Amino acid sequence: MDTPPAPPQNAISPDEPPAYVYAATDIRPRQTREIELCARASEFDWRYTGAMALGLVGSEYLNLAVFKQSGQPGIRLMGPGLIGLFWGGFLGGGYLSLPKCDPNWAYGSPPEGSVRAAWPMAVAITLVATATAPAMDFIFLGTLKPEWSDTERSARVFVAMGTGAIGSLLPYILPPRTYRAAKEIERIRFGQVSGGPYLSYTLTF
């Protein structure tokens, strides 16, 4: 009776984990879902950035026409608070709204590991927003009224700085569609790699 042929040496048994789903240099969007997300992440999110810009303009108007005329210091401090919030959101949201995908390059870390971090840029934008938010308050405010105390004048600076820092980080919690799509591509790729593929090395002597 003839014996069945032996399986080839390079055959993969059913118990072995699958090979890499993509090579380390394959950085293009490959799946249908990735292609759709890449098309969304390749356009600047004008609506998100425009909403932050309109919020900044509106807060400047309220600061000058409404809050400045109030006789209550607590109400007057709402002006720099709103200005700092929308100014920080404009800076942070504007950066996250930038295109982050291309038909030949998709957002995400390579399968061999992450080679970059997002927090340095977030920290830099936060520092810029914190430092410049008081200026955005005083540039359009005009002459300060003489009856305002030094404590209130100092408080305006610190309130604008605090809300500027918060506003710059807000787009990471409520991100624009460009950034959401890019992070979804990254999540898909990370899930593919962490779900079973592995690296192995063999030394032959």
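Residues numbered from 1 in each chain as written. Predicted model: local features only at pLDDT ≥ 70, side-chain atom pairs only at ≥ 80, totals over all residues. Heavy atoms only, no water.

Caption draft 1: Main features of the packing of helix H2 (residues 46-65) against helix H5 (residues 119-141). Between H2 and H5, the least distance of the axes is 10 Å, while the angle of their chain directions is 55°. In terms of orientation, H2 lies oblique with respect to H5. Crossing handedness for the pair H2 and H5: right-handed. Facing Leu56, Glu60, Asn63 and Leu64 of H2, the residues of H5 in contact are Met136, Asp137, Phe140 and Leu141. In terms of residue class, the contact of H2 with H5 is made up of 5 nonpolar, 1 polar and 2 charged. (Axes fitted to C-alpha atoms, helices over the stretch in contact; angles between N-to-C directions. Helix = DSSP H or I, 4+ residues; strand = E, 2+ residues; numbered from the N terminus. Parallel < 35°, antiparallel > 145°, perpendicular 65-115°, else oblique. Left-handed = near helix turned anticlockwise from the far one by under 90°. Contact = heavy atoms within 4.5 Å. Nonpolar A, V, L, I, M, F, W, Y, C, P; charged D, E, K, R; others polar.)

Caption draft 2: Fine view of the pattern of salt bridges. The tally for this structure, following the rule as stated, stands at 3 salt bridges. One salt bridge in this structure joins Glu152 and Arg76, with 2.6 Å as the shortest N-O distance. Of this pair, Glu152 sits in helix H6 (residues 150-173) while Arg76 sits in helix H3 (residues 73-76), placing them 76 residues apart in sequence. Across the pair, Arg76 and Glu152 agree in class, each one buried. Salt-bridge contacts for Arg187 lead to Glu184; the nearest nitrogen and oxygen are separated by 2.6 Å. Residue Arg187 and its partner Glu184 are both found in helix H7 (residues 177-194); the two are separated by 3 residues, about one turn of the helix. Using a relative accessible area of 22% as the deciding quantity, one classes Glu184 as partly exposed. (Salt bridge = Lys/Arg side-chain N within 4 Å of Asp/Glu carboxyl O. Buried < 20%, exposed > 50% of the residue type's maximum accessible area, 1.4 Å probe, protein only.)

Caption draft 3: Looking closely at the nonpolar core. Within the largest apolar cluster, 8 residues are counted, these being Leu37, Cys38, Ala41, Cys101, Ala181, Ala182, Ile185 and Ile188. At the level of secondary structure, the elements contributing two or more residues to this core comprise helix H1 (32-41) and H7. No other element matches the 4 residues that H7 contributes to this core. Listed in part, the 6 residues of the second largest apolar core include Ile83, Trp87, Ala133 and Ala160. (Core = buried A, V, L, I, M, F, W, Y, C linked by side-chain atoms within 4.5 Å.)

Caption draft 4: View of the state of the cysteines. Summed over the entire model, instances satisfying the criterion amount to 1 disulfide. The side chain of Cys38 participates in a disulfide bridge whose partner is Cys101; the two sulfur atoms lie 2.0 Å from each other. In this structure, the disulfide formed by Cys38 and Cys101 twists by about -105° around the S-S bond and is classed as left-handed. Placement of the pair is Cys38 in helix H1 and Cys101 in the loop between helix H4 (78-96) and H5, with a sequence separation of 63 residues. For Cys101, a relative accessible area of 9% puts it in the buried group. (Disulfide = S-S within 2.5 Å.)

Caption draft 5: Highlighting the packing of H4 against H6. One way to put it is that H4 packs onto H6 with a least axis distance of 6 Å and a crossing angle of 30°. Between H4 and H6, the crossing angle belongs to the class labelled roughly parallel. Our pair here, H4 against H6, has a crossing hand that is right-handed. Seen from H4, the contacting residues are Pro80, Gly81, Gly84, Leu85, Gly88, Gly89, Gly92, Gly93, Tyr95 and Leu96; seen from H6, they are Arg156, Val159, Ala160, Thr163, Gly164, Ile166, Gly167, Ser168, Pro171 and Tyr172.

Caption draft 6: Up close: a nonpolar patch on the surface. A contiguous nonpolar surface patch, about 290 Å² in accessible area, is contributed by Tyr61, Leu62 and Val66. As for its placement among the helices and strands, Leu62 is situated in helix H2. (Patch = residues over 30% accessible without salt bridge, like charges linked within 9 Å, V, L, I, M, F, W, Y side chains within 5 Å. Areas by Shrake-Rupley, 256 points an atom, 1.4 Å probe, with all protein chains shown as cover.)

Caption draft 7: Highlighting H6. Relative to the 34 Å expected for 24 residues at 1.5 Å per residue, H6 spans 35 Å between its end C-alpha atoms, a close match to the ideal helical length. Considering only its buried residues, H6 is in contact with H2, H3, H4 and H5. (Expected span 1.5 Å × (residues − 1).)

Caption draft 8: The arrangement of H2 in detail. With 20 residues, H2 should cover 28 Å at 1.5 Å per step; its first-to-last C-alpha distance of 28 Å lies within 8% of that length. Looking at the buried positions of H2, the neighbouring elements they touch are H3, H4, H5 and H6.

Caption draft 9: Molecular detail of the confidence of the model for the protein. Chain-level statistics for the protein give a pLDDT mean of 78 and a share of 70% at 70 or above. The weakest mean pLDDT in the protein belongs to H7 at 76; the strongest belongs to H4 at 96. Below a pLDDT of 50 lies the segment residues 16-23, which in the model reaches 18 contacts outside its immediate sequence neighbourhood of four places, other chains included. Contacts from residues 193-205, a stretch scored under 50 in pLDDT, to residues over four places away or in other chains number 11 contacts. (pLDDT = per-residue confidence, 0-100.)

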